[in-house]
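In case you want the letters, here they are:
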Amino acid sequence: MKRLFVLFLGLYVSLAALGAVAPGNSGAVSGKITAVSDNSPIAYAVVIAHPLEVYTTTASDGTFTISHLPEGEVTIAVEFIGYTKVSKKVTVVKDKTIKVDFALEEESFRLEEVTVIATGSDAGKSTSSIISRQAMDHLQTSSVKDVMTMLPGVSFSNPSLISAQTISLRTDDSGNTGGLAMNSLGTAIIVDGAPVSNNANMQALSPTVASGNMDVSLVGGTSPETGVDMRSLSTDNIESIEVIRGIPSVEYGDLTSGAVIIKSKAGKMPLSIRFKTNPNIYQISANKGFHAGKAGDFNIGADYAYSTNNLTSSYINFQRVNVKTLYTKTFAGNVTTNTSLQVGYGRDRRNRNPDDEQSATSSFSNNVDVRLASYGQWNAGKGFFKSLNYSVSASYADKHNFYETLAQNATGLFSTAMGASTITNTAGQVIKDSEGNPITSFAPGDENATAIVTPNAYLSHYDIYGKEINVYAKLVANFFHKFGTSIDSRTIVGVDFKTDGNVGQGLVLPTDAPPLRTGTNASSGYRPRKYSDIPFINQLGVFLEETWNQTVWNRHIDISAGLRFDYVNGLTNLAPRINASIEIVPDIFSIKGGWGITSKAPTATYLYPQATYSDLVNYSNRFLGYEHELVVGTTNVHDSSNPQLKMATNRKAEVGFDITIAKRYKINVTAYDELMRNGYSFGSDISTFIWTQHVFYKNINSDPNLMPTLAVDKVLNLFFRYNKPLNDVYLHNRGIEYEINLGRFEAIRTSFYINGAWTYTESSSSANTFTTKSNGGNAEYNVAVYDPYLYTYCSEKVLTTLRITHNIPAIGFVVTLSGQVNWLGKTWTKFGNDEMFSQYISYKDGKVYDFDPALKDDPEFRYMFESKSPQRFLPEKTPPFVIFNLNISKEIGNFLTASFFVNNVFNSRPLNESDKIKGNYNELGIPMFFGLDINIKIK
Amino acid sequence: MKKIFIILAGIALLASCKTLTKTHIVTVNIDESKITSSVKPESYSVTIKNVVTQQEKNVTSTKATAVIEGVYAGVYNVSIAGSATEDGITKNYSGTVANVSVLADATVTVAAEVVEPALVFKEIYYTGCKYTAPGAEKESNYFKDQFYEIYNNSDNTIYVDGLCIGTVYNRTVNTSGYTYSLPEGEDVKDYVFTQYVWKVPGDGTQYPLQPGESFVMAQQALNHTLDGNTYGKSLDLSKVEFEFISEEIIANGRCTDNPDVPNMLVGHKCGTNKTLQWLTSATGEYYVIWFPEKKIAPENEITFDNGISTFPVYPIKKSDIIDAVEAGKDEASSKNKLYFSPLDDGYLFCPEGNYSFQSIARKGETKNGRLVLVDTNNSNNDFEYKTDPQLRRGGVGAPNWK
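Keep in mind that this is a model prediction, so the values were computed, not measured. (Residues numbered from 1 in each chain as written. Chains lettered and ligands numbered in written order. Predicted model: local features only at pLDDT ≥ 70, side-chain atom pairs only at ≥ 80, totals over all residues. Heavy atoms only, no water.)

**Points about the overall build of chain A**
Convention followed: Helix numbers and strand numbers start at the N terminus; a helix is a DSSP run of H or I with at least 4 residues, a strand a run of E with at least 2. In this description, contact between two residues means that some pair of their heavy atoms is separated by no more than 4.5 Å. Areas reported here follow the Shrake-Rupley algorithm with a probe of radius 1.4 Å; residue values treat only the protein chains shown as occluding. Note that His is not counted, nor are the chain ends; the positive residues are Lys and Arg, and the negative ones are Asp and Glu. For the purpose of locating charges, the reference atoms are NZ of Lys, CZ of Arg, CG of Asp and CD of Glu.
For chain A, the count of helices and strands is four helices and 51 strands. Seen through its principal axes, chain A has C-alpha atoms that stretch 105 × 60 × 55 Å. Relative to all contacts within chain A whose residues are 6 or more apart in sequence, the contacts with residues 24 or more apart total 70%. Carbon and sulfur atoms form 59% of the exposed surface of chain A, whose accessible area is close to 36500 Å². Between the mean site of the 82 positive side-chain charges and the mean site of the 87 negative ones, chain A shows a separation of 6 Å.

Spelled out as structure tokens, the structure:
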């Protein structure tokens, strides 16, 4: 399948390259861009020639020229921050310069048409939603995640900054197999052409001890297993957001679910001060763009946000300060660059709850990041090689996580040995047993290590210092050729390189107050780790894409097909992707589809996990009041990395249709199926159970106050258990998305827009499930091995959102009433054979054996079973319910815009009784929420 | 004539003297029909006691028969006492027949019946205490010092080998219909259920508890006052008789095994989650001690189904239970209490709640030089709250089992 595809692609490209028409057969377009209000010229407006995708910027006097355009029809589009986009179709004539002028209207709520919904993508391109600045203002977004509610099938939610905001696409996974985390890890966030990376983030305790350590919601900061935390990006700086939820162009790599492409504000604009508040968030920002003559355009923005989740628990809060400057310059008319420098500081803080006397928990997560990015284009002009686009970025993030809590019931072994050693509580002490056999042994480097037993309660804390470095560079060559009058062929060839690494000090532990171990797992010893010892992850991608637009029998055919090859630290992947759209009835009905493979490289935490340390006591006489306290502990170290780790890939497929009725009513339906079989998570396989024969000693000295003389008491066969990175996440998302845009009815000045989706998500794990049950009071037990895909978590949802927007241009007033009907919500679990395990690991020899079900009641095995409730098959269903949101924006005078919103206007929170646990109720919907936004523009 | 009369009188007198000092043989047959267990006492200690002179004669029977010689004529009380060990549990048997008239060789049949062991909970300390760990601003909770003290409230020696202790599962009223999967013919009203059965070790002859002595079982037999534990709070339990430490608990690394204190045995553990320590609720539980008639074995485990999920539980026959005490959180919680008649109806709650270093202690008074504890089968009357948990309150003796 893949080979055929490559062949096909090669054919296209060679056809395009051979292009019969000789270079030189081209014309030009030039013109002037002015503002409607006062005819003043607009400098640095971006002028794009579609479908070549060649662009230039206007000079100080508002003029522009694009040359080397092929004969025939092109579309010239003009955009500039704060003004509405305009595009016109122009017929290029050979060796002539066509003059086209544009007058741009200032974007405001006084316009006839206001765009406050997400608009769809063009034909033949990936399925995506574009959210304009105006829509973000009307919705009052404080983090990019807030705009996700505009996508079809996404439930309303209240804005929050109190915990990491990560983005997931087309999935509703609520099971605990890591599907949701993997989906957000695979969502690329691209700001000004360069991706923001979470690949070198290791700000969590080692997941080899417990995979749940990567859940940092209680500690603060961003988890290493999810995507980028969107709180670090201020929304007031953003000009537009495009969310690609379908099959992205091969230009975008290192993603599995999709991409969120963010363009920052650039260019001259008046000083705008914004103040935003709602029960959780206070936010103030300022933005101004200058035109510095020939030197270029500067746009500077600063933002401060403070968020607390609950007015009564303000000891949990988040603060963010962000400063960004964007510099735009066009050199000699055919080189355009946009360079931005962003400095941000984010802080999650969880102080001690004054009412929580017991746990004394406090934590903070500080994050300082600096990012320098630049993108631009060199218009080559000649022949079919049209332009060279570049994009580079370098970022540095300094993160510090701190967590302190009172560890309780914390008596346990704490060893500082870093290798396989048996040591005592006195550094360097060598002891032998009663028969003269040595007990202690020292791995190289452990000569001064000690093993102590920690007291029942102590104040434990840890610090994690991470210094993440990300460098990115991309170069894309853009070729365009027109065959006759009906075929446009655009080819891009590109290469991108990315490196992510962490040079921080890593995990730093106090010498005698470690984080609490898991009592039942000896392999849960924490050790310090230097992140600077971990190698950088280097990714090289090469891609090739052909976009073919053809008009046959008056019908447009758009095909975009590409191939991407990725090489990451030894792993490779080939990803073909195609998007196509065919008009069946001109201007009325077209069908579309797409298919592609996307892949995401493993991040630092999956490629280089920390080794696992098992600490177990051999002897202890502490806390008995004896004069000579002796503790003997054994440490074992295991490499927890997975050399067989592969790149996670996602197979996306789409099919759908678009209908346009009476030239204005648009209906889009897309059905999708996305399957990932090998997503990343930390889990267990047979090799993560280490069988060991552990020696317990007893004191044979009759006087307990003398130094103990140890003799072997017993030897027990025990298992140490840890987690290692696996490719076991299975995530299957299916659904049908639809959008019905009825447009604006002039007579009532109201527009209607409906979107919604039926989504169905299944998530599971392709690894075996293991259980370890204790056998009465005995310490030895077998490990039960169950089949893979033991639990499949299924979730189904049908959602429709209706948005009615009414605007009165004369007074600059826009009001949107959104109603979301949740028709069906159902979650259930499909079980494999969870009542009988197929194999077991025997404690007698550590080997795996097949299990004969007839031995179920044998005393050797009966403790390994647990009784299962027949209730577990029951699905949880929610009845239909409706939520209404209200958004209002009003321009006051010439310089002030006020926006107000209320979520769940009628405070409808119906109680739903759980189907599984009768008598348990939960509230449906979201709590009532409101917010105010005031924007002042000073010209 | 007078001479012969005197001689005759003298002979008669002599003759009657011989009649007065004549002893008889009393044969005591022991009726063992009321003994239900298969193992019967090897021998009995048979005592015959003159009601008037209070003089006693004691022999050891051969199986179920004893012969006592040299019994003067009179009225006697005949009593027997014996013990038999089966499956590690020693049962005491006794019987009395009163006012037996012995005028000639007599045979008495005394029925031997099992003596209900008069073991009672003397003091239970379950709340735990609070202390301040170095460097911490607020206090931490400490619960490793829980202990249970059992007292011999009778006049005979009781062997505590094989005594089981546990807490009752499902003791609050709940609205969902629940069922226990007891075998056919068994009535749920005859049972209470537990999830963890701990057993005193021994073969039936190793741990005799004399009248007036008590023994203590502690969660962990450490000196809890040491630095590293409570830094001066709590109490020293390093010399108690038993501690609740199993091999599994040792392997889980959270507890220290005191080598000088024997470990309790795990009779049965329901459920397969790992046990870090045997902790009972710091707000109190329904504690029971019993000698099991039916040997503790995994096959006896049944399931409790509350309509949502099932849990494994182990049945305890109410007739086996020797003493039961319930403690709970507060007054309000007592309203949801389930009643397991004929067991104790009381409900205690330490006034300061959990982690308050309080214990419940049975009241008693000294009679005949020995402390006799109150046992009216209603713990509300029988117990009082103490703010200073201590071992062997009232100066009772400790057993000498080393």
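**Observations concerning the environment of B:Val200**
All names here are of chain B. The line we're drawing: Here's how the labels work: a residue is buried when its accessible area is under 20% of the maximum for its type, exposed when over 50%, partly exposed in between, all with a 1.4 Å probe on protein chains only.
Mapping Val200 onto the fold places it in the loop between β17 (196-199) and β18 (208-209). Judged by its relative accessible area of 1%, Val200 falls in the buried class. Between the C-alpha atoms of Val200 and Glu186, which are 14 residues apart in sequence, the distance is 27 Å.

**Here's the deal with the environment of A:Tyr567**
All names here are of chain A. Among the structural elements, Tyr567 can be located in strand β29 (residues 555-568). You can call Tyr567 partly exposed: its relative accessible area is 41%. Counting along the chain gives 29 residues from Tyr567 to Asn538, while the straight-line C-alpha distance between them is 8.2 Å.

**Quick look at the interface of chain B and chain A**
When the parts of a complex come together, some accessible area is lost, and that lost area is often taken as the interface size. Formally: Buried area: the accessible area, evaluated with a 1.4 Å probe, that two parts lose upon being put together, summed over both parts. The salt bridge definition used is simple: a Lys or Arg side-chain nitrogen within 4 Å of an Asp or Glu carboxyl oxygen.
Counting residues at the interface gives 47 residues for chain B and 48 residues for chain A. For chain B, the biggest contributors to the area lost against chain A are B:Arg254, B:Thr272 and B:Lys274; these three give 19% of the whole. Inspection of the chain B/chain A interface yields one salt bridge. Residue B:Glu299 pairs with A:Arg862 through a salt bridge whose shortest N-O separation is 4.0 Å. Within the residue set of the side of chain B that touches chain A, elements represented by two or more residues are β10 (129-131), β11 (140-142), α2 (247-251) and β21 (265-269) of chain B. For the side of chain B that touches chain A, the element with the most residues is α2(B), which contributes four residues.

**With respect to the sheet that holds strand β40 (residues 769-772) of chain A**
All names here are of chain A. Inclusion rule: In this description, strands pair whenever DSSP reports at least two bridges between them. In this analysis an axis means a line fitted to C-alpha atoms, helices contributing only their contacting stretch, and an angle means the value between N-to-C directions, from 0 to 180 degrees.
What the four strands build is an open sheet, ordered β40-β41-β44-β45; its pairing is antiparallel. Looking at the sheet topology across the chains shown, the edges are occupied by β40 and β45 (848-850). In this sheet, neighbouring strand axes are inclined to one another by 25° on average, regardless of whether the strands run parallel or antiparallel. Of the pairings in the sheet, the one linking strand β41 (residues 783-786) to strand β44 (residues 839-841) comprises three bridges and is antiparallel in character.

**Quick notes on the pattern of salt bridges**
Applying the stated criterion across every chain, the model contains 56 salt bridges over all chains. Of the charged contacts, one joins A:Asp673 and A:Arg651 as a salt bridge, the two residues approaching to 3.2 Å between their closest N and O atoms. Taken together, the residues span a long stretch of sequence, with A:Asp673 in strand β35 (residues 665-683) and A:Arg651 in strand β34 (residues 648-661) at a distance of 22 residues. The exposure class assigned to A:Arg651 is partly exposed, which follows from its relative accessible area of 24%. For the salt bridge of B:Arg393 with B:Glu123, the shortest nitrogen-to-oxygen distance reads 2.8 Å. On the criterion of sequence distance, the pair formed by B:Arg393 in the segment after β29 (383-386) and B:Glu123 in strand β9 (residues 119-125) is long-range, its members being 270 residues apart. Overall, the relative accessible area of 15% leaves B:Arg393 in the buried class. A single network of salt bridges, built from pairs that share partners, joins A:Arg170, A:Arg245, A:Lys652, A:Glu654, A:Glu674, A:Glu737 and A:Glu739.

**Concerning the side chain of B:Asn50**
Here B:Asn50 shows up in strand β2 (residues 44-50). Not counting residues up to four positions away in its chain, the partners in contact with B:Asn50 are B:Gln55, B:Val75 and B:Tyr76.

**A word on the environment of B:Glu32**
All names here are of chain B. Here is the rule we go by: Pairs of N or O atoms within 3.5 Å make up the polar contacts considered here, provided that, within protein, one atom can donate a hydrogen while the other can accept it, and that residues adjacent in sequence are counted only when both atoms are side-chain atoms.
Mapped onto the fold, Glu32 is located in the loop between β1 (23-31) and β2. For the pair Glu32 and Val110, spaced 78 residues apart in the sequence, the C-alpha separation amounts to 8.7 Å. Look past the residues within four positions of Glu32 in its chain and what remains in contact with it is Lys40, Pro41, Tyr44 and Ala64. Separated by 2.7 Å, the side chains of Glu32 and Tyr44 make a polar contact.

**Topic: the confidence of the model for chain A**
We apply this condition: Each residue carries a pLDDT value, the predictor's own confidence for that position, ranging from 0 to 100.
Per-residue confidence for chain A gives a mean pLDDT of 87, with 95% of residues at or over 70. Scored below 50 in pLDDT, residues 19-24 of chain A shows eight contacts in the model against residues more than four places distant or in partner chains.

**With respect to the domain arrangement of chain B**
Residue and element names in this part refer to chain B. Where we set the bar: Domain delimitation in this document rests on an assignment produced automatically or drawn from a domain database.
Domain parsing of chain B yields domain 1 (23-114) and domain 2 (119-386). Between domain 1 and domain 2, the residue contacts involve seven residues of the former and 14 residues of the latter. Where domain 1 abuts domain 2, roughly 740 Å² becomes buried across the two surfaces, and 47% of that area is made up of carbon and sulfur atoms. Among the residues of domain 1 in contact with domain 2, Ile89, Thr90 and Asn92 are the three that bury the most area, contributing 55% of the side total. As a salt-bridge pair, Lys91 and Glu293 come within 2.8 Å of each other at their nearest N and O atoms. For the pair domain 1 and domain 2, the interface holds four residue pairs in polar contact (both at pLDDT 80 or more).

**Here's the deal with the packing of aromatic side chains**
Residue and element names in this part refer to chain A. Quick note on the threshold: Two aromatic rings from Phe, Tyr or Trp, using only the six-membered ring of Trp, form a pair when their centres are within 6.5 Å; if the ring planes differ by under 30 degrees the pair is stacked, by over 60 it is edge-to-face, and anything between is tilted.
Counted according to the given criterion, the structure contains 61 aromatic pairs over all chains. For the pair Phe80 and Tyr83, a centre-to-centre distance of 6.0 Å together with 40° between the ring planes defines the contact as tilted. Since its relative accessible area comes to 6%, Phe80 is described here as buried. Assessed through its relative accessible area of 19%, Tyr83 is described here as buried. Their ring planes at 85° and their centres at 5.6 Å tell us that Tyr730 and Tyr789 sit as a pair that is edge-to-face. A residue pair is termed long-range when its members are at least 10 positions apart, and Tyr730 in strand β38 (residues 724-745) and Tyr789 in the loop between β41 and β42 (791-808) qualify at 59 residues. The class of Tyr730 is buried, set by a relative accessible area of 13%.

**Re empty space enclosed by the protein**
Residues and elements named next belong to chain A. This is how the line gets drawn: Of the two site types, the cavity is a set of points on a 1 Å grid over the protein atoms alone where a 1.4 Å probe fits but cannot get out, and the pocket is an open set with protein on both sides within 12 Å along at least five of seven lines, each lined by residues with an atom within 4 Å of a point. Grid points are joined across faces, edges and corners, and a volume is the space filled by probe spheres set on the points. Gly counts as polar in this scheme, as do all residues outside two lists: the nonpolar Ala, Val, Leu, Ile, Met, Phe, Trp, Tyr, Cys and Pro, and the charged Asp, Glu, Lys and Arg.
Evaluated as defined, the whole model comprises seven cavities of 30 Å³ or more. The space that makes up the largest cavity amounts to roughly 530 Å³. In this structure, the largest cavity is lined by 40 residues; those nearest its centre are Val196, Ser232, Asn367, Asp369 and Lys399. Of all the secondary-structure elements, those providing two or more residues to the lining of the largest cavity are β12 (194-196), β18 (316-331), β19 (335-350), β20 (362-379), β21 (385-407), β25 (458-483) and β26 (487-502). In terms of residue class, the lining of the largest cavity is made up of eleven nonpolar, 18 polar and eleven charged. Considered as a void within the structure, the second largest cavity measures approximately 240 Å³ in volume. In this structure, the second largest cavity is lined by 17 residues; those nearest its centre are Leu139, Thr149, Asn885, Asn887 and Asn903.

**With respect to the side chain of A:Asn727**
All names here are of chain A. Assignment of secondary structure puts Asn727 in strand β38. For Asn727, a relative accessible area of 19% puts it in the buried group. Engagement of the side chain of Asn727 in a polar contact is seen with the backbone nitrogen of Lys646, the distance being 2.8 Å.

**Topic: the pairing of strand β28 (residues 370-373) of chain B**
Residues and elements named next belong to chain B. Both strand β27 (residues 364-367) and β28 contribute to a ladder of four bridges, which runs antiparallel. Paired with Lys367 across the strands is Arg370, a residue of β28. Taking the residues between adjacent antiparallel strands as the criterion, β27 and β28 are bridged by two residues, where Asn368 takes a positive phi near 50°.

**Some remarks on the pairing of strand β23 (residues 421-424) of chain A**
Residues and elements named next belong to chain A. With burial as the criterion, each face of β23 is covered, one bearing Ser421 and Ile423 and the other bearing Thr422 and Thr424. Bridge analysis of β23 against strand β33 (residues 631-638) gives four bridges, and the strand direction is antiparallel. Along β33, the bridge assignment pairs Ser421 with Thr635.

**With respect to the sheet that holds strand β22 (residues 286-290) of chain B**
Residues and elements named next belong to chain B. Taken in spatial order, the five strands make up an open sheet running β21-β17-β14-β22-β25, and their pairing is antiparallel. Both outer strands of the open sheet, β21 and β25 (321-326), are each paired with one neighbouring strand and no more. Across this sheet, the average inter-strand angle for adjacent strands is 20°, counted without regard to direction. Two strands pair when backbone bridges link them, and β17 and β21 are joined in this way by four bridges, in the antiparallel orientation. Paired with Lys199 across the bridge in β21 is Leu265.

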